[in-house]
Amino acid sequence: MRAYRVAYDGRAFYGFQRQPDVSTVEDVLLEGLADVGLEFEETPAGWAAAGRTDAGVSALAQTVAFEAPDWLTPRPFTAHLPTDVHVWASTPVPDDFHAIHDANRREYTYFLHAPHADPERIDDIEARLSGEHDFHNLAAEETGTVRDLSVTSTQDGVFRRIRVQADGFPRQLVRRLVAVYDRVRTGAASLSFIDRVLSPEPLPGPNGIQPAPAYPLVLTAVDYGLTFEAEQAAVDMAEEAFADRTLQARTRAEVTTRLKRGVMEPGPHPTGDNP
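In every chain, residue numbers begin from 1 and rise along the written sequence. Given that this is a predicted model, residues contribute local features only at a pLDDT of at least 70 and side-chain atom pairs are listed and counted only at 80 or more, while totals for whole chains, interfaces and linings are drawn from all residues. Each side-chain value is worked out from all heavy atoms of the structure, with water and hydrogens disregarded.

Undergrad: What should I look at first to understand the overall build of the protein chain in this one?
TA: Helix and strand labels come from DSSP, where a helix needs a run of H or I of at least four residues and a strand needs a run of E of at least two; each type is numbered from the N terminus. Secondary structure summary: the protein chain contains six helices and ten strands in total. Dimensions of the protein chain along its principal axes, counting C-alpha atoms only, are 60 × 55 × 35 Å. Exposure is judged per residue with a 1.4 Å probe applied to protein chains only, and the accessible area is read against the type maximum: over 50% gives exposed, under 20% gives buried, and values in between give partly exposed. Across the 275 residues in the protein chain, those meeting the buried criterion constitute 43%. Restricting the contact set of the protein chain to residue pairs at least 6 apart, pairs at least 24 apart contribute 73%. About 14400 Å² of surface is accessible on the protein chain, with carbon and sulfur atoms providing 50% of the total. His is not counted here, nor are the chain ends, while Lys and Arg score as positive and Asp and Glu score as negative. The location of each charge is read from NZ of Lys, CZ of Arg, CG of Asp or CD of Glu. Averaged over its 26 positive side-chain charges, the protein chain has a centre that lies 8 Å from the centre of its 42 negative ones. Here, two residues are considered to be in contact whenever any of their heavy atoms come within 4.5 Å of each other. Computed with the Shrake-Rupley method and a 1.4 Å probe, the accessible areas treat only the protein chains shown as cover for residues.

Structure (structure tokens):
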């Protein structure tokens, strides 16, 4: 058995887990393994993944494990994947290893646009959300909603990097938690609203929490007590591909900024240089 770390930009995928008629990260990983010459029916023996990230969610430390041949290092695995999915590290694991059940801790990071944040209010929000609670009002599932969470954050320019850690997460919990976090951070709701969200009573009608957008969420860590060895050639491939995607994103941002300025300041721009 071998476990692999997988990084991906999730915006083009309908989540990790395979679904009929839509593209998922699991689809492209299994297609890549078939292209590299592995023979299997539905999945390779022992196949499991650390988490079923939602549509649009990205990952740095998604982990898949299965019975892999010794020659299958991250580099040949990645060579058969699209440019938004990269296998970059691996480690041997025991035959009974399971990528879901053997995880000790998972960490998600949400990049929340929050240029103005009151540090004392942020501390209060995170203190109230952290600890063991029944998060049934923030989960899209009815079971497994009692969790012991750690919620911390740091300011990074205009973004608040919110890190949420637990041994596991019900579906949509992190995104709905971020929605509450942002509502209280901006003053749209009081600190006591968090206590109401965490209370046993269901939230009625318009008070129900819709999940925050998926694309700023990243699965940043999954801890097994193991040391994963990065393969430099695979890391170089990922760095080049993600650098290219960063450049594309910055270019798109520049174009939309120019469009915004042009709309806000209408008038002739014969040179095309000054919207």
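Undergrad: Looking at this model, I keep getting lost on the environment of Ser 150. Mind explaining?
TA: Here Ser 150 is to be found in strand β7 (residues 146–156). In this structure, the C-alpha to C-alpha distance between Ser 150 and Leu 191, residues 41 residues apart in sequence, is 18 Å. Sequence-distant contacts of Ser 150, defined by excluding residues within four places in its chain, comprise Arg 105, Ser 130, Arg 163, Val 164 and Gln 165.

Undergrad: How should I be thinking about the pattern of salt bridges in this particular structure?
TA: The term salt bridge refers to a side-chain nitrogen of Lys or Arg lying within 4 Å of a carboxyl oxygen of Asp or Glu. Scanning all chains against the criterion turns up nine salt bridges. With its nearest N and O atoms 2.6 Å apart, the salt bridge here joins Arg 11 to Asp 9. Take Asp 9: its relative accessible area is 10%, and that puts it in the buried class. Of the charged contacts, one joins Asp 182 and Arg 185 as a salt bridge, the two residues approaching to 2.8 Å between their closest N and O atoms. One end of the pair is Asp 182 and the other is Arg 185, both in helix α4 (residues 173–185) and three residues apart, which spans about a single turn.

Undergrad: Would you mind showing me how to read the nonpolar core here?
TA: Nonpolar side chains tend toward joint burial in soluble globular proteins. Put simply, buried Ala, Val, Leu, Ile, Met, Phe, Trp, Tyr and Cys residues joined by side-chain atoms within 4.5 Å make one nonpolar core. By size, the foremost hydrophobic cluster in this structure holds 72 residues, and its most contacted members are Leu 29, Val 64, Phe 66, Leu 72, Phe 77, Val 85 and Leu 149. In terms of residues, this core owes the most to one element, α4, which gives eight residues.

Undergrad: Explain the pairing of strand β1 (residues 2–8) to me, please; I cannot follow it from the model alone.
TA: A regular strand carries its side chains on alternate faces of the sheet. In terms of burial, β1 is largely enclosed, as six of its seven residues are buried. With seven bridges connecting them, β1 and strand β4 (residues 85–92) associate as antiparallel partners. In the sheet register, Tyr 4 faces β4, and the bridge partner there is Ser 90. For two strands to be treated as a pair, DSSP must find no fewer than two bridges joining them.

Undergrad: Is there a simple way to think about the environment of Phe 228 in this case?
TA: Tracing the backbone shows Phe 228 in the loop between β9 (217–223) and β10 (229–230). The residues contacting Phe 228, other than those within four sequence positions of it, are Ala 3, Tyr 4, Arg 5, Thr 63, Ala 89, Ser 90 and Thr 91.

Undergrad: Teacher, can you tell me more about helix α6 (residues 232–264) here?
TA: Along an α-helix, residues three or four positions apart point the same way, because every turn accommodates 3.6 residues. Over its 33 residues, α6 runs 47 Å from end to end, which matches the ideal 48 Å to within 8%, given 1.5 Å per residue. Of all the positions in α6, only Ala 234, Ala 238 and Ala 241 are classed as buried. The inward-facing, buried residues of α6 contact α2 (74–78) and β4. Helices are assigned an expected span. That span is 1.5 Å times one less than the residue count.

Undergrad: Hey, could you run me through a nonpolar patch on the surface in this one?
TA: The patches reported here contain residues having more than 30% relative accessible area and no salt bridge. Joining distances are 9 Å for like charges and 5 Å for nonpolar side chains (Val, Leu, Ile, Met, Phe, Trp, Tyr). On the surface, a nonpolar cluster with roughly 220 Å² of combined accessible area is contributed by Phe 111, Val 158 and Phe 159. Considering the arrangement of structural elements, one finds Val 158 in the loop between β7 and β8 (159–166). Under the relative-accessibility criterion, Val 158 is labelled partly exposed at 38%.

Undergrad: When you look at the packing of aromatic side chains in this model, what are you seeing that I'm missing?
TA: Aromatic ring pairs: the centre-centre distance and the angle between the two ring planes describe each pair. Only the six-membered ring of Trp is used, alongside the rings of Phe and Tyr, when aromatic pairs are assigned; centres must lie within 6.5 Å, and planes under 30 degrees apart are stacked while those over 60 apart are edge-to-face, with the rest tilted. Inspection of every chain in the model, using the stated rule, returns seven aromatic pairs. Measuring from ring centre to ring centre gives 5.4 Å for Tyr 4 and Phe 77, while their planes differ by 80°; the resulting arrangement is edge-to-face. Placement of the pair is Tyr 4 in strand β1 and Phe 77 in helix α2, with a sequence separation of 73 residues. Of the two residues, Tyr 4 and Phe 77, both sit in the buried class. Relative to Phe 77, the ring of Phe 66 lies with its centre 6.3 Å away and its plane at 80°, an arrangement referred to as edge-to-face. In this pair, Phe 66 is assigned in strand β3 (residues 58–66) and Phe 77 in helix α2, connecting sequence segments eleven residues apart. Of the two residues, Phe 66 and Phe 77, neither departs from the other in class, the shared state being buried. Through a chain of ring-to-ring contacts, the aromatic side chains of Tyr 4, Trp 47, Phe 66 and Phe 77 assemble into a single cluster.

Undergrad: What exactly am I supposed to notice about the side chain of Thr 53 here?
TA: Position of Thr 53 relative to the elements: it lies in the loop between β2 (48–49) and β3. In terms of polar contacts, Thr 53 uses its side chain to reach the side chain of Tyr 8, at 2.7 Å. Not counting the four nearest positions on each side in its chain, Thr 53 is found in contact with Tyr 8, Gly 15, Phe 16, Gln 62, Tyr 108 and Leu 219. Side-chain atoms alone can form a polar contact between residues adjacent in sequence; in general such a contact is a pair of N or O atoms within 3.5 Å, and within protein one must be able to donate a hydrogen while the other accepts it.

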